[in-house]
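# A structural walkthrough
Each chain, letter by letter, is given below.
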Amino acid sequence: MNNSARSEIFARLRHACQSAEAENIQRALPPTDSAPGAPLPSDDLATAFLTNVLKNQGTVECVANRSAAVKALADYVYRHFRSHRLVAGNDANLAAMPWREAGVLPRFGAIEPGEPVALSYALLGIAETGATALQTGKANPAVNNFLSEHHLVLVDSSRLVATMEQAWARIRQEMNKSGRPRGYNFIAGPSSTGDIEGQLVYGAHGPRNWHVILMGDIAATALEDARALAGK
Amino acid sequence: MKQTSDTFLENASAALADSGKSQRRDLLALFSPLMRDAAMGSFGQFEELRDHVRQVRQHSLDHLDHYLAQFEQQAAENGNRVHFASDGDAMNSIVLDICQEHRAQRIAKGKSMVTEETGLNDYLQRAGLSVMETDLGEYIIQQAGETPSHIVGPALHKSAAEVRELFLSRHDLGERDLGEIADLVGEARLVLREHFLKAEVGIIGSNALVAENGYSMLVTNEGNGDLCANLPKVLIICTTLDRILPRLEDATAMLRLLVRSATGQPQTCYTSFYSGPRRELDTDGPLETHIVLLDNRRSEILASDYREMLQCIRCGACLNHCPIYAGVGGHAYGWVYPGPMGSILTPLLTSLEQSTDLPNACTSCGRCGEVCPAGIPLPDLLRDLRHEESERKLSPTRWRWGLKMHAWLARQPRLYHALTAVGIFGMHLLGRRRGRFASLPMAAGWTSQRDFPAPQGKTFMQQYSALQRQQQAAADAGKRGGRSTRRPDPRRPGTRRQDATRKAPAGTGKRAHPGGPRGKKPRRRTGDE
Ligand code: SF4
């Protein structure tokens, strides 16, 4: 039955479509760069990214290197849970962090019910949308992004891009090298809903808190400027 | 879903009588456009982006046979099973077969207007399955036994107090207050979390299907769709042919318009792209994934004069900007899709006979067409449907004769101007004392609700010509005096899109509405009338 539905549908489509040659179709396709993107709030990429993360109701921190990142993570978890426990995917970048310096040892794997904090290592940070791009897989099980109460995302400043088009260009390179992963999650805020009376409430089904730690060589005033630009 | 579009007028009267709900609709009609405008304002290049996305969408539809085949091949390579469904029943039975094959009992469902269209929930429940909607709005109306009133916010017709009553009666969780909206959201989170963890099959929709690599885009704020896509062992994506776009970039370019038009956000919280089942080394994700592609007359719409309607990205902006939708709400339209887009889609996807009133539920104000991010000429399509109703004698005889007479008269400009001048002057004399009419023959529809203001004595054309003469005289005097008194020409509208941006549908000539007679219909822009 399914096969006959398929051929009927294609017959109807061919009747309605131009049935052009693949090459000609390719040529007629408008180029992607004719799509304007959103203006960035700052010329500095890190500042623009941080501003939009703040506007998306994320919380942010900037750190210079991996030691500082580990310390910031430890402080965050201790501040909220008086513990040093968190879950992270089997990401080589995370495994190589100097966890012992801050007295934290993550459990590497997929989140289990009752575990409130998950840490992800971002594939990219996108300034235009203030989103962190995560790739599903062993290095970052998707459930970690969605079942945690607090989702912490570490973004290396070398992985910041300005627009979605640039993000796809980087992702295509990766895809060509190592194939298509099951999924990409672009996360831009704690989970929210406006379904009751149009009033925005945070903590719908996913994490209630989304904390972004930007790591690397970042202008000293980036965070301050971002807070001013975002009005926070 | 049982269709009640044929009683639109009665549905609308009933809706207008409920003052509490009317007030809430008024508020939404006030605030949603403000949010959308603010978001588009800070984006800046709405027209440029709309043009780009419209070109891409039109291109994808012109070559849908090519892109659909490409998507099918790529999706299969990614490990999906791709199914085709000619109509709603076919989609429902494909989904049920998959669930039964896995002996699944519990289904977690993300928001999907397509499955509302096919009535999937009822179908699965009749077969004994437990289906749980997980989008908060969908969950609320499912618990209340209602249907969506809006394509983006399905439960926006309900007050927090009503939701509170509903939750208190449906959730056995003991004494609690639930006084705040946040409490209600928290309770839904708690109740649904259980369900997510136990569900054997997840069902979601798709905002875009990417032909080049078989990925499917899912856009949500709550994260419920992603839980449905990642937790259960089997994932079924229920969507339609027209969601196909060539490249990843096209999906995210469209998303820029979608989020701003829908909720006024610059970005949704979760935008995900899924390609198929879990990979060899993955520790999570579904083991089996299916994509069910529904046609349900879309291929016929593609071949008709209404092809542009397939460019719709389901943002809901036309609903939020429509004075009729604000007045009567979504349920009055009597089917899945309400507002301007629904008044076009309902006749196309069901029948014009069943929904004759919908294309007439329009003041021709043009707001929907102006905000539509997909660049669909909604007012034109609505007028074309009205035209078709007249051709097919579906509209009342009185209307058709009235319109015929008017059309004849309008083609005799001298006679038209003379008669309207006499009529207007007569009404001016009659209504001079009170300045308004409490009743008028053949216009009870207007005067039963409000007074009709008495004309001031001259027709628009008379006043306009007088003004022109005046300006000409002033200009001549100015020229003699060496000064220019140019004023903007009132005949030149500033920003209205021109006819040249409209593209004739591809294929073999124009065809009427699916199921309607073939024939040429005049296509003019509303602004020309
Ligand atoms: S018709 Fe246009 S405005 Fe209305 S829902 Fe579709 S895309 Fe949005």
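Residues numbered from 1 in each chain as written. Chains lettered and ligands numbered in written order. Predicted model: local features only at pLDDT ≥ 70, side-chain atom pairs only at ≥ 80, totals over all residues. Heavy atoms only, no water.

Now for a nonpolar patch on the surface. Residues B:Leu27, B:Leu30, B:Phe31, B:Leu34 and B:Met35 make up a contiguous nonpolar surface patch of about 510 Å² in total accessible area. Positionally, B:Leu30 belongs in helix α2 (residues 19-43). (Patch = residues over 30% accessible without salt bridge, like charges linked within 9 Å, V, L, I, M, F, W, Y side chains within 5 Å. Areas by Shrake-Rupley, 256 points an atom, 1.4 Å probe, with all protein chains shown as cover. Salt bridge = Lys/Arg side-chain N within 4 Å of Asp/Glu carboxyl O. Helix = DSSP H or I, 4+ residues; strand = E, 2+ residues; numbered from the N terminus.)

A word on the interface of chain B and chain A. Listed by partner, the interface residues are 102 residues for chain B and 71 residues for chain A. Counting the contacts that link chain B with chain A gives eight salt bridges. For B:Arg189, the salt bridge identified is with A:Glu149, shortest N-O distance 3.0 Å. Counting across the interface, chain B meets chain A through 44 residue pairs in polar contact (both at pLDDT 80 or more). (Contact = heavy atoms within 4.5 Å. Polar contact = N/O pair within 3.5 Å; in protein donor to acceptor, adjacent residues only side chain to side chain.)

It is worth spelling out the nonpolar core at this point. By size, the foremost hydrophobic cluster in this structure holds 120 residues, and its most contacted members are A:Phe49, B:Phe167, B:Met309, B:Tyr337 and B:Met341. Taken domain by domain, this core gets at least three of its residues from each of domain 1 (1-30) and domain 2 (37-230) of chain A. (Core = buried A, V, L, I, M, F, W, Y, C linked by side-chain atoms within 4.5 Å. Buried < 20%, exposed > 50% of the residue type's maximum accessible area, 1.4 Å probe, protein only. Domains from an automatic or database assignment.)

Right, let's talk about the pairing of strand β1 (residues 81-85) of chain B for a bit. Residues and elements named next belong to chain B. In terms of burial, β1 is a largely internal element, four of the five residues being buried. Sheet topology note: the β1/strand β10 (residues 288-294) ladder contains five bridges and is parallel. Paired with Arg-81 across the strands is His-290, a residue of β10. (Pairing = 2+ DSSP bridges.)

Once that is clear, we can look at a negative patch on the surface. Residue and element names in this part refer to chain A. A cluster of like negative charges, contributed by Asp-43, Asp-44, Glu-224 and Asp-225, occupies part of the molecular surface. Assignment of secondary structure puts Asp-43 in the loop between α2 (22-28) and α3 (45-55). Judged by relative accessible area, which is 86%, Asp-43 ranks as exposed. (Lys, Arg positive; Asp, Glu negative; His and termini not counted. Charge placed at Lys NZ, Arg CZ, Asp CG, Glu CD.)

Moving on to the pairing of β10(B). Residues and elements named next belong to chain B. Where burial is concerned, most of β10 is hidden: six out of the seven residues are buried. When strand β7 (residues 234-240) meets β10, the two strands line up parallel, connected through seven bridges. For Ile-237, the partnering residue across the bridge sits in β10 and is Ile-291.

This part takes up the domain arrangement of chain A. Interface size is often expressed as the accessible area that is lost when the parts come together. Domain annotation of chain A identifies domain 1 (1-30) and domain 2 (37-230). Distance from the C-alpha centre of domain 1 of chain A to the C-alpha centre of domain 2 of chain A: 41 Å.

Let us now look at the site of the ligand. Near the ligand lie 13 residues; those nearest to it are B:Cys312, B:Cys315, B:Gly316, B:Cys318 and B:Cys372. Residues of the shell around the ligand, tallied by class, amount to eleven nonpolar, one polar and one charged. (Near = heavy atom within 4 Å. Nonpolar A, V, L, I, M, F, W, Y, C, P; charged D, E, K, R; others polar.)

Once that is clear, we can look at the packing of helix α9 (residues 160-170) of chain B against helix α10 (residues 181-198) of chain B. Residue and element names in this part refer to chain B. Interhelical geometry of α9 versus α10 gives an angle of 35° and a closest axis separation of 10 Å. Crossing of α9 against α10: the hand is left-handed. Of the residues in α10, those touching α9 at Ala-160, Val-163, Arg-164 and Phe-167 are Ile-181, Leu-184, Glu-187 and Ala-188. Residue composition of the contact of α9 with α10, grouped by class: six nonpolar, no polar and two charged. (Axes fitted to C-alpha atoms, helices over the stretch in contact; angles between N-to-C directions. Left-handed = near helix turned anticlockwise from the far one by under 90°.)

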